[in-house]
Amino acid sequence: MSIAISSDAPASRGSIAWSAVLSMTLGVIVLIASEFMPVSLLTPIADTLRITEGQAGQAISISGVFAVLTSLFSSSLVARHDRRTVTLFFTSLLIVSGAIVAIAPNYVIMMGGRALLGVAIGGFWSMSTATVMRLVPRDAVPKALALLNGGNALAATIAAPLGSFLGSIVGWRGTFSVVVPLAAAAMVWQFMSMPRMPPRSNERRTGNVFQLLRRSTVAYGMSAIFLFFTGQFALFTYLRPFLETVTGVDVTMLSLILLAIGLAGLVGTSIVGTILKSRLFTVLIAIPIAMASIAVALIVFGASPLPTAALLGIWGLVSVPAPVAWGTWLTRTVPDDADAGGGLMVAIIQLAITLGATVGGLLFDANGYRSTFVLSAGLLCISAGMAVLAWKAAEQPVKLEGFR
């Protein structure tokens, strides 16, 4: 059945629009689960393909590299085509990627499949905010972004343990094979629910996404994003060794704490959308300050399991909704060029995650967890300062309603 809905009046078919958002959320869950599933499967992958575990770990790195490249250079191409068609294309790459990895006879073929996954991740995420803006009314955009990021949080929470569980039953190839029918289901749902969204004549198409940085509010905001995710992942990447060596938890308690972080994040994303309608910049400033405070508190109370678990629960509650808040900021700051803005933001986040994990690891090995956590707190505080500058820059030209 053909569905043709005017993209200029998303509120007129509310149930269909939200079904489309949910179909994108399923796509996000499968994308993120596919990205991080190798974390718990490195040893069997390495044994089967006769490579080292370090080489198997590059299956995660290569998807990140291609996600960055795609997010930077796909915006002008995406803006020239129907968003429904482009979404289906990137979801189809997810299907192909899962199939290639599942049957890969050697390392090179597997890395090719993972590179395709990176293209799917970068393309899908970079256009997701602009697509949501076309699907739902403006005041419902934070809620829709919260759904997408809720899917992200859910997938990040379950990817590693689910991969380990399935791998013990059906092997790593069987585990990656599960991606294919799930991605196919998401694609069918998207085909059925998403309206046609042809390019608009009034949409700006920035050929070079870096041109957006000429706007002071964008430059400050993107700097805040970069510092925020660098600080977040400088600490978060090394939670496991911290919890095992400093807090002294066993594997069961470790799993429960990590699960609690993910569940708290889901709660945070479910409530933040309402707050963002009237207190966007308050949230963008408060989140990194709260996380910096937690990083310092972990240094003080890290040896005590209960306070540490409580602090990390709060960490999940405030950190996971951050992409929702910054996505909402993007829709208000560059509503006429959300594709380029989304591509730039995705690339910055991916680079920040890589840098945070790298520098945090170097400090962790050289000087212990305290130096890593202090670095995280410092970067998060500077991110809050940059968010303040972005707020002031946004208010300088015009007092825009909704920024306060």
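Residues numbered from 1 in each chain as written. Predicted model: local features only at pLDDT ≥ 70, side-chain atom pairs only at ≥ 80, totals over all residues. Heavy atoms only, no water.

### Side note on the overall build of the chain
Here is step 1: Of regular secondary structure, the chain possesses 16 helices and zero strands.
Here is step 2: Here the C-alpha atoms of the chain give a radius of gyration of 21 Å, agreeing with the 22 Å that 2.2 N^0.38 yields for 404 residues.
Here is step 3: Taken over the C-alpha atoms alone, the chain extends approximately 55 × 50 × 35 Å along its principal axes.
Here is step 4: When each of the 404 residues of the chain is scored for burial, the buried share is 53%.
Here is step 5: Counted over contacts in the chain with a minimum sequence separation of 6, partners at least 24 positions apart contribute 85%.
Here is step 6: When the accessible surface of the chain is totalled, it reaches about 16,700 Å², and 68% of it is carbon and sulfur. (Helix = DSSP H or I, 4+ residues; strand = E, 2+ residues; numbered from the N terminus. Rg over C-alpha atoms; globule rule 2.2 N^0.38 Å. Buried < 20%, exposed > 50% of the residue type's maximum accessible area, 1.4 Å probe, protein only. Contact = heavy atoms within 4.5 Å. Areas by Shrake-Rupley, 256 points an atom, 1.4 Å probe, with all protein chains shown as cover.)

### A closer look at the environment of Gly 343
Here is step 1: Positionally, Gly 343 belongs in helix H15 (residues 338-367).
Here is step 2: Taking the C-alpha atoms as reference points, Gly 343 and Phe 210, 133 residues apart in sequence, are found 9.9 Å from one another.

### Observations concerning the packing of helix H10 (residues 239-247) against helix H13 (residues 305-319)
Here is step 1: Taken N-terminus to C-terminus, the directions of H10 and H13 make an angle of 160°; their axes are 11 Å apart at the nearest point. In this view, H10 runs roughly antiparallel relative to H13, as classed from their interaxial angle. You can see that H10 and H13 cross each other, and the crossing is right-handed. Residues Leu 239, Phe 242, Leu 243 and Thr 247 of H10 pack against Pro 305, Thr 308 and Leu 312 of H13.
Here is step 2: Across the contact of H10 with H13, the residue classes break down as five nonpolar, two polar and no charged. (Axes fitted to C-alpha atoms, helices over the stretch in contact; angles between N-to-C directions. Parallel < 35°, antiparallel > 145°, perpendicular 65-115°, else oblique. Left-handed = near helix turned anticlockwise from the far one by under 90°. Nonpolar A, V, L, I, M, F, W, Y, C, P; charged D, E, K, R; others polar.)

### Concerning the pattern of salt bridges
Here is step 1: The tally for this structure, following the rule as stated, stands at one salt bridge.
Here is step 2: Put simply, Arg 196 and Asp 82 hold a salt bridge, and the shortest N to O gap is 3.7 Å. Of this pair, Arg 196 sits in the loop between helix H8 (179-193) and helix H9 (216-236) while Asp 82 sits in the loop between helix H4 (75-78) and helix H5 (83-103); the two residues are 114 residues apart in sequence, bridging distant segments of the chain.
Here is step 3: On the accessibility criterion, Arg 196 (45% relative accessible area) is partly exposed.
Here is step 4: Note on Asp 82: relative accessible area 13%, which makes it buried. (Salt bridge = Lys/Arg side-chain N within 4 Å of Asp/Glu carboxyl O.)

### Remarks on the packing of aromatic side chains
Here is step 1: Scanning the model with the defined rule gives 10 aromatic pairs in all.
Here is step 2: A ring pair is formed by Phe 242 and Tyr 369, whose centres lie 5.1 Å apart and whose planes are at 50°; its orientation type is tilted. Here Phe 242 is found in helix H10, whereas its partner Tyr 369 is found in helix H16 (residues 369-395), with 127 residues between them in sequence. In this pair, the class of Phe 242 matches that of Tyr 369, namely buried.
Here is step 3: One aromatic cluster in this structure is built from Phe 242, Tyr 369 and Phe 373.
Here is step 4: The ring of Phe 191 carries Arg 84 above its face, with NZ or CZ at 4.6 Å from the centroid.
Here is step 5: The positively charged end of Lys 392 is found above the aromatic ring belonging to Trp 391, 5.3 Å away from the centroid. (Phe/Tyr/Trp six-rings, centres within 6.5 Å; stacked < 30°, edge-to-face > 60°. Lys NZ or Arg CZ within 6 Å of the ring centre and 35° of its normal.)

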